[in-house]
Amino acid sequence: MTRALELQNDSDSYYQRGLVYYKNKNYRRALLDFKNAANIEPKHKLTWNYVGLCLNVLGQPLQAIEAYKKALEIDPNFKEANVNTGQAFKERGDLQSAENIFTKTIEKDGTYFHAYHMRGMTRFAGGKIREALADFQQCLELEPQHKDVRVLSGVAHQSLGLFKSAIADFEFSVANHEDNILAWYHREVAVFLQKRLDQRWETVNMDIDLEPHFKEGMSKKTNPILLNYTRQAATDVADVDTSRQASEDLRKIVETSVHIARKIPLNSPGYVRNDRQLQAIGLGVLEIAQTLRKFWRLSAPPQAFTRKRSISSSTVCGKLTSPSLFNWRDVYDIAVKWRRLGEPNDNVWWVDLLTQNQFAEGFGSHTPIVTGHTHVVRYYPMFDTAFKITKSIMISNSNYNDDLKQKIQEAKTYSDLHSLLRRDFWVVTPCHSLSRPGHIMEGTRLTLQYVIPEGYEYSIRTPGTPPRWEDYDIEMS
């Protein structure tokens, strides 16, 4: 393609080379070629659609929307560009605009299953579980073998307490889509919860009862064949009766939790308001408040205060402790349980309750600011602050000479920094102890890595290693 462009500067050659770059995830070069093609032939709808796709992947959804508009000006019935516009609004965090666009696409073509899929995901992201489930089911009527939507249908059923239907969805996916590993794990979690529907909330603790290898496998999407795990048998326990009228006391609790939840949403690009998760957070806050009130009113020693299936009575930093000890982990575990209940599609586990080998390796959180060529919409606003901190910590490194420190100070981009050191690296932010004056704990790691092709990953990583865990356990205790 490059040779063809040297011989003749035409739109098709730019377009074809752009496709090659796009398929190889070199989105910056692809964007340049698609823009060049559009400049030569501005009435080519597919070119403008790919301009939008590149911009959206690069973390520029608003600019992507403008490109899709140009494609739709050429062909108003270009449904792929319509759906891509909705996806860009979703990436931006504007769920209502995204949903409106998907709805209009469906009105134009009620057989376009991808639009039902995307509208369902948008509604699910906003906590509209029943509406999302209706879209997933409509999509499956049109495309029964859609493996991603089959799992989403199962997760939506589980979110509504309809465990029998959830398990049926997951089992269908396991039987028909061998590569859909998460369906197998979701099925086991659904069966686990189904068997405990009649138990009191405080007696159920997935972190304690599920095997460490299972939780680690689910987090890593490990093929279940590699696990030493006995599959659970489903039961005939009745689904949750969502038609039952709530008591007056329960209504008051829910109303209070909604009042708390209204104070929580973050108004920032990429973040969405998920009403289900906010409801779960509000209820979690209430349970934490009730638990702490009981603890603070207790006249006996703290050891006398117990909670059933206590996380701290099982382990602290992977070690067994007194079965009667109540500490910070019991408080945080309430939030963990409600977070897990609020979004069944996410893995939320205590790191030190995974396998000890994995804990020792430092399994932890990962927040990408830049990944490949993408400026992640949700996290890129952190870039300027993180970049300044990275350079400041590097300059304080006594192993660097003055000339290198000056070049670090002058660096404008993450590629500048990587070029100076000529290797991947990370810096560790300091975290100053409040309980032990003068003691500095390991904070988070700001990590920079080169990614093929011609990209970088600049991310916030927090490994949960045993020494770090023990240090913070002392701090929190």
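These numbers come from a predicted model, not from an experiment. (Residues numbered from 1 in each chain as written. Predicted model: local features only at pLDDT ≥ 70, side-chain atom pairs only at ≥ 80, totals over all residues. Heavy atoms only, no water.)

Draft legend 1. Representation of the packing of aromatic side chains. With the rule as written, the count across this model stands at 22 aromatic pairs. An angle of 45 degrees between the planes, with centres 6.1 Å apart, marks the rings of Trp184 and Phe214 as tilted. Here Trp184, found in helix H12 (residues 181-194), pairs with Phe214, found in helix H14 (residues 212-220); they are 30 residues apart in sequence, far enough to count as distant. Judged by its relative accessible area of 13%, Trp184 falls in the buried class. Measuring from ring centre to ring centre gives 6.0 Å for Trp328 and Trp350, while their planes differ by 65 degrees; the resulting arrangement is edge-to-face. Here Trp350 lies in the loop between helix H17 (328-342) and helix H18 (356-361) and Trp328 lies in helix H17, a separation of 22 residues in the sequence. One residue, Lys45, lies across the ring of Phe78, its end atom 4.7 Å from the ring centre. Residue placement shows Lys70 over the ring face of Trp48; its charged tip is 5.3 Å from the ring centre. (Phe/Tyr/Trp six-rings, centres within 6.5 Å; stacked < 30°, edge-to-face > 60°. Helix = DSSP H or I, 4+ residues; strand = E, 2+ residues; numbered from the N terminus. Buried < 20%, exposed > 50% of the residue type's maximum accessible area, 1.4 Å probe, protein only. Lys NZ or Arg CZ within 6 Å of the ring centre and 35° of its normal.)

Draft legend 2. Layout of the layout of surface pockets. The volume enclosed by the second largest pocket comes to roughly 1300 Å³. In terms of lining, the second largest pocket is formed by 38 residues, of which the most central are Ala125, Gly270, Tyr271, Val272 and Arg378. Counting residues per element, the ones that place at least two in the lining of the second largest pocket are helix H4 (45-57), helix H6 (79-92), helix H8 (113-125), helix H16 (275-297), H17 and strand S1 (364-372). Here the element with the most residues in the lining of the second largest pocket is H16; it accounts for four residues. Residue composition of the lining of the second largest pocket, grouped by class: 19 nonpolar, 12 polar and seven charged. (1 Å grid on protein atoms, 1.4 Å probe; cavity = no way out; pocket = protein on both sides within 12 Å on 5 of 7 lines; lining within 4 Å. Points joined across faces, edges and corners; volume = space filled by probe spheres on them. Nonpolar A, V, L, I, M, F, W, Y, C, P; charged D, E, K, R; others polar.)

Draft legend 3. How the structure looks around unusual backbone geometry. Residue Pro453 is reached from Ile452 by a cis peptide bond, and omega for that bond is 0 degrees. In this fold, Pro453 is placed in the loop between strand S4 (440-451) and strand S5 (455-463). Here Lys25, not a glycine, exhibits a phi torsion of approximately 65 degrees, which is positive. In this fold, Lys25 is placed in the loop between helix H2 (11-23) and helix H3 (27-40).

Draft legend 4. Seen up close, the environment of Ser165. Position of Ser165 among the secondary structure elements: in helix H11 (residues 163-176). Since its relative accessible area comes to 32%, Ser165 is described here as partly exposed.

Draft legend 5. Local environment of the pattern of salt bridges. All chains considered together, the criterion is met by 27 salt bridges. The partner of Asp75 in a salt bridge is Lys45, with the nearest N and O atoms 2.8 Å apart. Linking Asp75 in the loop between helix H5 (61-74) and H6 with Lys45 in helix H4, this pair joins segments that are 30 residues apart in sequence. Two residues, Arg123 and Asp135, come together in a salt bridge whose shortest N-O distance is 3.0 Å. You can see Arg123 sitting in helix H8 and its partner Asp135 sitting in helix H9 (residues 129-142), a full 12 residues away along the chain. (Salt bridge = Lys/Arg side-chain N within 4 Å of Asp/Glu carboxyl O.)

Draft legend 6. Seen up close, helix H10 (residues 147-159). The first and last C-alpha atoms of H10 sit 19 Å apart over 13 residues, in line with the 18 Å expected at 1.5 Å per residue. With 11 of 13 residues buried, H10 lies mostly within the body of the structure. By the burial criterion, the buried members of H10 are Val149, Arg150, Val151, Leu152, Ser153, Gly154, Val155, Ala156, His157, Gln158 and Ser159. Gly161 occupies a position one or two residues after H10 and carries a positive phi of about 80 degrees. (Expected span 1.5 Å × (residues − 1).)

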